Amino acid sequence: MKPDNPEICTVPPDGKPMELQPQWRQDFPIDWPQDHYVARRDFTKFLVLTSFAFSVGQFWIAFLSLRQKAEPATRVKIGTVAALPVGKSLVFAYPGEHDKCVLTRVEENTFTAYSQACTHLSCAVIPEPEKGRLFCPCHEGAFDLKTGQPIAGPPRRPLPRIQLDIRGGEIFATGIAPEERSL
Ligand code: FES
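Since this is a predicted model, take the numbers as computed values, not measurements. (Residues numbered from 1 in each chain as written. Predicted model: local features only at pLDDT ≥ 70, side-chain atom pairs only at ≥ 80, totals over all residues.)

## A closer look at the overall build of the protein chain
Now for step 1: Along the backbone of the protein chain there are two helices and ten strands.
Now for step 2: The N-to-C order of helical and strand elements in the protein chain reads α-α-β-β-β-β-β-β-β-β-β-β.
Now for step 3: The burial tally for the protein chain puts 16% of its 183 residues in the buried class.
Now for step 4: Restricting the contact set of the protein chain to residue pairs at least 6 apart, pairs at least 24 apart contribute 32%. (Helix = DSSP H or I, 4+ residues; strand = E, 2+ residues; numbered from the N terminus. Buried ≥ 20, exposed ≤ 12 C-beta atoms within 10 Å, placed from the backbone. Contact = placed C-beta atoms within 7 Å.)

## Overview of the nonpolar core
Now for step 1: Ranked by internal contacts, the top residues of the largest apolar core, which has 17 residues, are Cys101, Leu103, Ala113, Tyr114, Val125, Leu134 and Ile162.
Now for step 2: Elements represented by at least two residues in this core include exactly strand 3 (100–107), strand 4 (110–115), strand 6 (133–136) and strand 10 (170–176).
Now for step 3: Not counting chain neighbours up to four residues away, the residues in contact with Ala113 comprise Cys101, Val102, Leu103, Ile162, Leu164 and Ala173. (Core = buried A, V, L, I, M, F, W, Y, C linked by C-beta atoms within 7 Å.)

## What about the sheet that holds strand 7 (residues 141–144)?
Now for step 1: In spatial order, the strands read 5-6-7-8; together these four strands make up an open sheet with antiparallel pairing. Each having just a single partner strand, strand 5 (126–128) and strand 8 (150–152) make up the two edges of the open sheet. The average undirected angle you get between the axes of adjacent strands in this sheet is 35°.
Now for step 2: The sheet contact formed by strand 7 and strand 8 spans two bridges and is antiparallel. Residue Phe143 lies in a different strand from strand 8, and its bridge partner there is Pro150. (Pairing = 2+ DSSP bridges. Axes fitted to C-alpha atoms, helices over the stretch in contact; angles between N-to-C directions.)

## Details of the environment of Lys146
Now for step 1: Here Lys146 is to be found in the loop between strand 7 and strand 8.
Now for step 2: Along the chain, Lys146 and Pro129 lie 17 residues apart, while their C-alpha atoms are 9.6 Å from each other.
Now for step 3: Discounting residues that sit within four places of it in the chain, Lys146 has contacts with Val106 and Thr112.

## Comments concerning the sheet that holds strand 1 (residues 76–80)
Either a parallel or an antiparallel arrangement is found when strands of a sheet pair, and the pairing is made through backbone hydrogen bonds.
Now for step 1: What the three strands build is an open sheet, ordered 1-10-9; its pairing is antiparallel. Either end of the sheet is taken by a strand with one partner, and the two such strands are strand 1 and strand 9 (162–167). Geometrically, the sheet is characterised by an average inter-axis angle of 35° between neighbouring strands, direction not taken into account.
Now for step 2: By the bridge criterion, four bridges tie strand 1 to strand 10 in an arrangement that is antiparallel. Opposite Gly79, over in strand 10, you have Ile171 as the bridge partner.

## Considerations on the pairing of strand 3
Walk down a regular strand and you will see the side chains alternate between the two sheet faces.
Now for step 1: Taken together, the five bridges between strand 2 (residues 89–93) and strand 3 define a ladder with antiparallel strand orientation. In the sheet register, Ser89 faces strand 3, and the bridge partner there is Thr104.
Now for step 2: Here strand 2 folds back onto strand 3 in antiparallel fashion, the turn holding six residues.

This is the structure we're talking about:
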């Protein structure tokens with residue numbers, strides 16, 4: 001760059017053009033016009049990098065959610081029909097070892113299973129088959145034992161229902177039913 005360039009007001013001590021100066025002198029110019037130029041350049045760089053990082057993040061989230069949907073439901077044995085009398089319940093883990101669920105034999109041939117985490121603030125619900133409900137002691141919430149829909153207290157969403165497959169006297173969890181909206 002020439003010293004008479006209006007963008008350049010000072011001449012570097014060694015008299016060489018700015019593009020031959022060390023990087024630190026180019027990055028920290030002492031002239032306002034050049035300083036503004038560097039600030040604009042850095043700001044543009046910042047915008048491009050942030051947009052890029054944001055796009056990568058969005059693609060990663062989309063990828064994870066697609067992968068999750070594509071994963072086949074796991075089939076896990078819960079117990080046997082013979083070991084669960086009518087009106088009794090059984091706690092089991094599904095789909096992960098920390099996801100507590102509760103299976104209840106409501107009638108001779110009717111079994112229901114739900115996540116045990118209350119949809120209000122995740123306290124563990126307690127089956128009360130004699131009252132036809134699952135009760136949450138934290139804020140006195142209650143869910144219908146046959147449908148999982150909230151019937152009392154603060155919960156507004158139904159309990160996630162575990163899909164069951166009963167064959168040969170054995171009970172299996174096969175997936176989590178899509179959320180059913182309360183009426
Ligand atoms: S956590 Fe269940 S009602 Fe509040």
